[in-house]
Amino acid sequence: MTHQYWYITNADEINVIRANPHPRGTLTIEGAAQLRDFVNVCAEAESVAPLVVEIDIESAELEEVRQMAEGRPIKDWAPWVSAIAALDQYPSLVVAAIPRRASCGGLELALAADLRIARHDATLGLFESRMGILPGAGGTQRLPHLVGFGHATELILSGAPISGARAADIGLVEHLDEDPMSRAVAITQACWANGSEVLTTAKRAIRAAATRSEDGYRVEGKSFLHLVNQPTAHKKIAEWLARPELSGRDTTALEVHRTFESERLNEPLRQTPKSTK
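These numbers were taken from a predicted model, which means no experiment stands behind them. Numbers given for residues are sequential positions, taken from 1 along each chain in its written order. Local features in a predicted model are, by the rule used here, given only for residues with pLDDT of at least 70; side-chain atom pairs are given and counted only at 80 or more, and totals for whole chains, interfaces and linings are based on all residues. To get the side-chain values, all heavy atoms of the structure are used, and hydrogens and water are removed first.

## Focus: the pairing of strand β2 (residues 14-19)
β2 sits mainly inside the fold: five of its six residues count as buried. Here, any two strands with at least 2 DSSP bridges between them count as paired. Only DSSP runs of H or I with at least four residues qualify as helices, and only runs of E with at least two residues qualify as strands; both kinds are numbered from the N terminus onward. Taken together, the six bridges between strand β1 (residues 6-11) and β2 define a ladder with antiparallel strand orientation. Paired with W6 across the bridge in β2 is A19. Where β1 hands over to β2, the hairpin turn is made up of two residues, of which D12 adopts a positive phi near 50°. Direction of pairing for β2 relative to strand β4 (residues 51-54): parallel, over a ladder of three bridges. Across the sheet, the residue bridging to V16 is V52, located in β4. Type-normalised accessible area, obtained with a 1.4 Å probe on protein chains alone, sets the label of each residue: buried when under 20%, exposed when over 50%, and partly exposed for intermediate values.

## Side note on the packing of helix α1 (residues 29-43) against helix α3 (residues 78-88)
To characterise two packed helices, one gives the angle between the axes of the helices and the distance between these axes. Here an angle of 0 to 180 degrees is reported between the N-to-C directions of two axes, which are lines fitted to C-alpha atoms, with helices fitted over the stretch in contact. Their axes nearest at 8 Å, the elements α1 and α3 cross at an angle of 30°. Overall, the two elements α1 and α3 adopt an arrangement that is roughly parallel. Note on packing geometry: the crossing formed by α1 with α3 is left-handed. Only P79, W80, S82, A83, A86 and L87 of α3 make contact with α1, whose side of the interface consists of I29, A32, A33, L35, R36, V39 and N40. Classes in brief: Ala, Val, Leu, Ile, Met, Phe, Trp, Tyr, Cys and Pro nonpolar; Asp, Glu, Lys and Arg charged; the others, Gly included, polar. Class assignment of the residues belonging to the contact of α1 with α3 gives a composition of ten nonpolar, two polar and one charged. Each angle is binned into one of four classes, with values under 35 degrees roughly parallel, values over 145 roughly antiparallel, values of 65 to 115 roughly perpendicular, and all other values oblique. By definition, turning the near helix anticlockwise from the far helix through less than a right angle yields a left-handed crossing, and turning it clockwise yields a right-handed one. Contacts are assigned to residue pairs with any non-hydrogen atoms lying within 4.5 Å of each other.

## Topic: the pattern of salt bridges
By convention in these notes, a salt bridge is any Lys or Arg side-chain nitrogen within 4 Å of a carboxyl oxygen on Asp or Glu. One pass over the full model with this rule turns up 16 salt bridges. Between D88 and R207 there is a salt bridge, with the nearest N and O atoms lying 3.0 Å from each other. Of the two residues, D88 is situated in helix α3 and R207 in helix α9 (residues 196-208); the sequence distance between them amounts to 119 residues. Connected through salt bridges with shared partners, the residues D88, D114, R142, K203 and R207 form a single ionic network.

## Quick word on the nonpolar core
Here, nonpolar core means buried Ala, Val, Leu, Ile, Met, Phe, Trp, Tyr and Cys residues that are tied together by side-chain atoms lying within 4.5 Å of each other. Counting 55 residues, the largest nonpolar core has W6, I55, L109 and L172 as its most contacted members. The residues touching L172, leaving out its near neighbours within four places in the chain, are L107, L111, R116, L124, L143, L146, V147, I162 and A167. Among the nonpolar cores identified, the runner-up in size contains 15 residues, and V16, M181, I187 and W192 belong to it.

## Examining unusual backbone geometry
Even without glycine at this site, D12 takes up a positive phi of about 50°. Within the secondary structure, D12 is located in the loop between β1 and β2. One non-glycine residue, C104, lies in the positive phi region at around 50°. Structurally, C104 is set in the loop between β7 (101-103) and α4 (105-111). The class of C104 is buried, set by a relative accessible area of 2%.

## Re the layout of surface pockets
A probe matching the size of a water molecule, rolled over the atoms, marks out where space remains unfilled. Cavities and pockets were defined on a 1 Å grid built over protein atoms only: a cavity is a set of grid points that admits a 1.4 Å probe from which the probe cannot escape, a pocket is an open set flanked by protein on both sides within 12 Å along at least five of seven lines, and lining residues are those with an atom within 4 Å of any such point. Grid points are joined across faces, edges and corners, and a volume is the space filled by probe spheres set on the points. The calculated volume of the second largest pocket comes to roughly 500 Å³. Lining of the second largest pocket is provided by 23 residues; of these, A113, D114, L115, I206 and R207 occupy positions nearest its centre. For the lining of the second largest pocket, the elements supplying multiple residues, two or more each, are β8 (115-118), α5 (139-147) and α9. Counting residues per element, the lining of the second largest pocket draws most heavily on α9, at six residues. The residue makeup of the lining of the second largest pocket, split by class, is twelve nonpolar, three polar and eight charged.

## Quick notes on the side chain of S59
By the element assignment, S59 lies in strand β5 (residues 59-60). According to the relative accessible area criterion, S59 is buried, its value standing at 4%. Discounting residues that sit within four places of it in the chain, S59 has contacts with G25, T26, L27, S103, C104 and G105.

If you want it as structure tokens, here you go:
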């Protein structure tokens, strides 16, 4: 039976896409296609209203990633690419609300939004390096522009999760709130009060200041395809899938991935005391 990953609603003319996460916390190719279709429906309106999207995703469905490593055609992953592109190219404001988790593909979706709002204890990160692969849906390209190359490098290469509070410290999310959806709707409605044309025109100007090279996305894609076909990735993805928390019950990534590295990444850098000698 097909899982309905998303529901679309309306809040005083604001488009709202609510998450209905799978118990595993993963998003399939079909789930990405559902999101893409909802976003495109909103974008095709005569007067495009702002969009709030709730993100509650740990990763893409790893069974499907393993199928790619075993020869599944890359074109099957087009819905993931088009869902992220639909968010990135949405004409009006897009705000991502993160109540619990946005990691791996979930974070790559959130990175395509204009603003991100999370709970202080939400889990964010790009864990792919711990699976023997790398983010393959724009994460290596968008994250450095948002948090700087240093923070992006550490997050991508360590594969460690960070809390919403730490994400706010480094600029990965713009606001913290115990109810991210309500805060996202409130901010979006305040912006919408300025008028549709103002939002769409100003967004085009802002995006023009953040021009990204298509070459970077091509390098990312080729690098992902190279790694996903390596024996190390096959082994690590199999180990990841064998985790008991992926047996079907719901959990949060922070409980799953609590490690020394994550604790370190969740703390601001401490100044080393100078010697008194």
